[in-house]
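Spelled out from the first residue to the last, the chains are:
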Amino acid sequence: MQKFPKKERLSGKKAIGELFKKGNNSFTYPFKILIHYNDTFIDSHLRLLITVPKRNFKKSVDRNRIKRLIREAWRLNKSEAQQKMAESAFTVDVALVYASRTILTYKEIAPKIILILQRLIKEYEVHTTTSI
RNA sequence: AGGAAACAUCGGCUGUCGCGGAAGCCGCAUGGCUUACGAGGAAAGUCGGGACAGCGCAGAGCGCCAUACUUCCUAACGGGAAGGGGUUUCACUGGAAACGGUAAAACUACAGAGAGUGCCACAGAAAAUUACCGUCUAGUCAUGUCCCUGUUGACCUGACUAGAUAAGGGUGAAAACGUGAGGUAAGAGCUCACGCUGCCGGAUGGCGACAUUCGACAGGGGUAAACCUUAUGGGCUGCAAGGCCAAAUAUGCCGGCGAAAGUCACUUGUUGACCGAAAAGAUCGCUCGUCUGAUGCCGGUGGGUAGGCUGCUUGAGUUGUUUGGCAACAAACAUCCCAGAUAAAUGACAGUCAUUCGCUUCGGCGAAAACAGAAUCCCGCUUAUGAUGUUUGUUUAAU
RNA sequence: UGCCUGAUAGUGUAAUUGGCAACACGUCUGACUCUGAAUCAGAAGAGUUUAGGUUCGACCCCUAAUCAGGCAA
């Protein structure tokens with residue numbers, strides 16, 4: 001099943017503030033990526049936040065479309081990462097900030113998301129070994 | 001065929017995977033399954049107006065703000081409908097001219113400039129009860145001419161003084177009713193004829209704005225999207241309003257804040273209490289009024305929390321028929337329940353069928369598909385928009 | 001969500017009862033210098049964010065739009 005319920009989405013002023021304040025910053029075109037490891041388990045093992053800045057896209061139609069495409073790509077490809085993290089005792093928060101100024105199609109976005117998820121798995125393995 | 005206005009609709013179906021709340025079922029529970037439903041005409045701008053909610057009643061006067069032809073519609077509006085007046089354009093037409101008449105189209109923030117104040121650059125004599133040049137009359141002086149040589153004759157020209165006048169002075173965006181005649185020392189609506197405009201009164205038509213007509217009077221520019229006058233309306237704040245629950249905490253720190261006249265008490269003074277209502281504060285501003293008024297109030301600063309439920313979607317509602325009305329719209333009857341998210345759902349991929357465009361070897365192939373995304377709800381306005389269809393009237397061509 | 005300001009040469013600012021759009025820096029040309037900078041002289045560069053209206057006349061007044069900035073919770 002390739003679902004994407006509410007629990008796997010990051011929400012709440014406090015959690016988002018924490019993520020943007022303490023998260024590790026990296027960049028993979030066209031996304032700016034923020035990752036933060038919570039010490040305790042909250043709702044789900046992997047939580048995602050999608051952001052499209054209003055500065056680059058003035059019309060809410062465009063912002064909505066980009067967010068929907070990213071969410072769709074994430075939903076269809078996230079299962080591997082979720083399986084790896086299934087036994088851990090903490091939660092990984094991820095924020096994707098869309099940094100391009102043009103609207104990409106689904107066929108362009110999907111490979112990038114797959115790439116980002118693979119990197120995420122590698123980073124996760126490093127994090128677990130060092131922390132233990 | 002072109003362009004205009006109004007209204008309606010924007011992709012359909014199948015498959016695979018998802019999202020949101022609702023209802024039902026299963027489960028101790030996290031949850032799972034099924035069913036139907038799930039963006040717009042502008043959801044936008046936040047420009048008007050309401051509903052709803054809260055605020056130490058919101059009251060009076062002044063100020064402030066908004067609106068401004070009439071009637072009607074509406075819950076209300078700065079919105080809409082119908083009508084009136086005006087402006088511009090074009091055609092025909094009357095007249096010597098000034099200026100009108102008829103018909104059509106487009107536009108119209110359209111109360112008052114004859115209540116008051118201000119302003120009108122440059123140019124022009126003058127920009128608003130004018131007077132520079134000019135024109136005319138009278139007087140004084142000077143020069144000259146004439147002859148009847150006058151104490152002080154007549155006339156021409158010039159200067160000065162006192163008055164009359166507003167015809168002409170070609171400027172300007174705008175010039176003191178227009179044209180013609182009379183009249184006069186010169187002139188002037190000073191008078192007359194024709195025409196124009198305004199105001200008052202009467203009559204007729206219209207609910208009314210107003211129109212037509214008669215009489216009398218007047219002819220003193222423009223600007224109120226300058227101040228203003230008149231009339232009407234306006235309490236303020238907004239669903240992040242407001243209510244409830246949970247969690248957390250600090251009556252934290254700094255500054256400011258009064259008591260007239262009077263009574264009582266004893267510890268007789270920077271005392272306490274009563275009465276009273278001052279300072280201060282609230283009500284958009286000011287004055288009054290009202291209310292609060294000491295473990296209190298006001299201002300500043302700082303700490304904690306920042307989760308959930310409700311408000312929340314059944315409403316000036318949708319669709320249809322009939323009736324009334326020129327229309328906006330209203331009434332009656334029947335019918336239906338039709339989004340409620342919260343870092344924020346309404347989607348992705350594949351195929352196929354329609355629509356439009358281009359190329360066609362007429363088999364097809366390729367491409368495109370506007371403006372744009374609900375956030376308390378509703379009625380308007382404004383702005384952005386590619387098509388397709390229907391209706392209406394208009395222009396051109398043909399019959 | 002609800003409000004409030006502003007928009008003028010390339011840049012920063014002026015422009016008052018509504019009457020010729022101004023100043024500084026920058027740019028360009030010339031002079032000075034072996035060359036450059038500084039200095040001196042001169043020139044160009046806008047029609048006032050856009051559209052409509054009021055007025056004889058609009059940066060200024062009114063209406064609508066566009067863009068930018070700010071405030072409250």
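Preceding block: the structure.
Keep in mind that this is a model prediction, so the values were computed, not measured.

Break down the overall build of chain A for me, citing the residues and quoting the values.
What chain A contains, in helices and strands, is four helices and four strands. A compact globule built from 132 residues should have a C-alpha radius of gyration of about 14 Å, and chain A, at 14 Å, falls within 12% of that. Counting over 132 residues, chain A shows a buried share of 41%. Relative to all contacts within chain A whose residues are 6 or more apart in sequence, the contacts with residues 24 or more apart total 82%. Carbon and sulfur atoms provide 52% of the accessible area of chain A, an area that totals close to 8,400 Å². Positive and negative side-chain charges in chain A, numbering 27 and 12 respectively, have mean positions lying 10 Å apart.

Explain the protein's contact with RNA strand B to me, and be specific about the residues and the numbers.
As a structural note, the neighbourhood of RNA strand B is formed by 27 residues, with Lys 6, Leu 49, Arg 65, Arg 71 and Arg 75 the closest of them. When atoms of RNA strand B within 4 Å of the protein are sorted by moiety, sugar and phosphate together comprise 80%. At 2.7 Å from a phosphate oxygen of RNA strand B is found a side-chain nitrogen or oxygen belonging to Arg 71. Between RNA strand B and Lys 107 there is a distance of 3.2 Å, counted from a phosphate oxygen to a side-chain nitrogen or oxygen. For the surface near RNA strand B, the secondary structure elements donating two or more residues are helix 1 (13–22), helix 2 (60–77) and helix 4 (106–131). Top contributing element to the surface near RNA strand B by residue count: helix 2, with ten residues. Looking at the surface near RNA strand B, its residues break down into ten nonpolar, four polar and 13 charged.

Tell me about the side chain of His 36, and please be specific about residues and values.
Residue position: His 36 is located in strand 2 (residues 31–38). In this structure His 36 comes out as buried when scored by relative accessible area, which is 11%. Not counting chain neighbours up to four residues away, the residues in contact with His 36 comprise Glu 18, Leu 19, Lys 22, Gly 23, Thr 91, Val 92 and Asp 93.

Which residues make up the side chain of Glu 8, and what are the values?
Residue position: Glu 8 is located in the segment before helix 1. At 3.1 Å, the side chain of Glu 8 forms a polar contact with the side chain of Gln 82.

With reference to specific residues and values, describe a positive patch on the surface.
Residues Lys 6, Arg 9, Arg 65, Lys 67, Arg 68 and Arg 71 make up a contiguous surface patch of positive charge. Residue placement: Arg 68 occurs in helix 2. Assessed through its relative accessible area of 52%, Arg 68 is described here as exposed.

The rules behind each value
- Residues numbered from 1 in each chain as written.
- Chains lettered and ligands numbered in written order.
- Predicted model: local features only at pLDDT ≥ 70, side-chain atom pairs only at ≥ 80, totals over all residues.
- Heavy atoms only, no water.
- Helix = DSSP H or I, 4+ residues; strand = E, 2+ residues; numbered from the N terminus.
- Rg over C-alpha atoms; globule rule 2.2 N^0.38 Å.
- Buried < 20%, exposed > 50% of the residue type's maximum accessible area, 1.4 Å probe, protein only.
- Contact = heavy atoms within 4.5 Å.
- Areas by Shrake-Rupley, 256 points an atom, 1.4 Å probe, with all protein chains shown as cover.
- Lys, Arg positive; Asp, Glu negative; His and termini not counted.
- Charge placed at Lys NZ, Arg CZ, Asp CG, Glu CD.
- Near = heavy atom within 4 Å.
- Polar contact = N/O pair within 3.5 Å; in protein donor to acceptor, adjacent residues only side chain to side chain.
- Nonpolar A, V, L, I, M, F, W, Y, C, P; charged D, E, K, R; others polar.
- Patch = residues over 30% accessible without salt bridge, like charges linked within 9 Å, V, L, I, M, F, W, Y side chains within 5 Å.
- Salt bridge = Lys/Arg side-chain N within 4 Å of Asp/Glu carboxyl O.

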